[in-house]
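Coordinate analysis (summary)
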Amino acid sequence: VRTLSFSHDSVYVACGSEDPVLEINDVASGERAFGIPCNAAMNTVSWHPTRMLLAFAGDDKDKLGRDEGSLRIFGYQPNLH
């Protein structure tokens, strides 16, 4: 794990690593709630302080292999039962 962040309500934790998937897990059960495909390792993840929005940045490369970096925002809507 390179980086992790808890949601504002502490229900979810987002984890980034060397794997090409950013995982969002339910804290209580430990089960994966969602996976976000990534092109590179993630350096940082951070939840919005009051909404289910997740910002994450990684080590993406351009077509020539030069460091390009990336920043994406993910709007997460939990599966309400």
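Our structure is the block above this text.
In this report, we go over the structure that sits alongside the text.

Conventions used here
- Residues numbered from 1 in each chain as written.
- Predicted model: local features only at pLDDT ≥ 70, side-chain atom pairs only at ≥ 80, totals over all residues.
- Heavy atoms only, no water.
- Pairing = 2+ DSSP bridges.
- Helix = DSSP H or I, 4+ residues; strand = E, 2+ residues; numbered from the N terminus.
- Axes fitted to C-alpha atoms, helices over the stretch in contact; angles between N-to-C directions.
- Phe/Tyr/Trp six-rings, centres within 6.5 Å; stacked < 30°, edge-to-face > 60°.

**Quick notes on the sheet that holds strand E2 (residues 12-16)**
Pairing between the strands of a sheet is mediated by backbone hydrogen bonds and can be parallel or antiparallel. In spatial order, the strands read E1-E2-E3-E4; together these four strands make up an open sheet with antiparallel pairing. The sheet is open, and its two borders are formed by strand E1 (3-6) and strand E4 (32-37), each paired with just one other strand. For this sheet, the mean inter-axis angle between neighbouring strands, taken without regard to orientation, is 15°. The pairing of strand E3 (residues 21-26) with E4 spans five bridges and is classified as antiparallel. Of the residues in E4, the one forming a bridge with Leu-22 is Ile-36.

**Description of the packing of aromatic side chains**
Using the criterion set out here, one finds one aromatic pair in the structure. A centroid spacing of 5.1 Å and a plane angle of 35° characterise the contact between Phe-34 and Phe-74, whose relative ring orientation is tilted. Residue Phe-34 is located in strand E4, and its partner Phe-74 is located in strand E7 (residues 70-75); the two are separated by 40 residues in the primary sequence.

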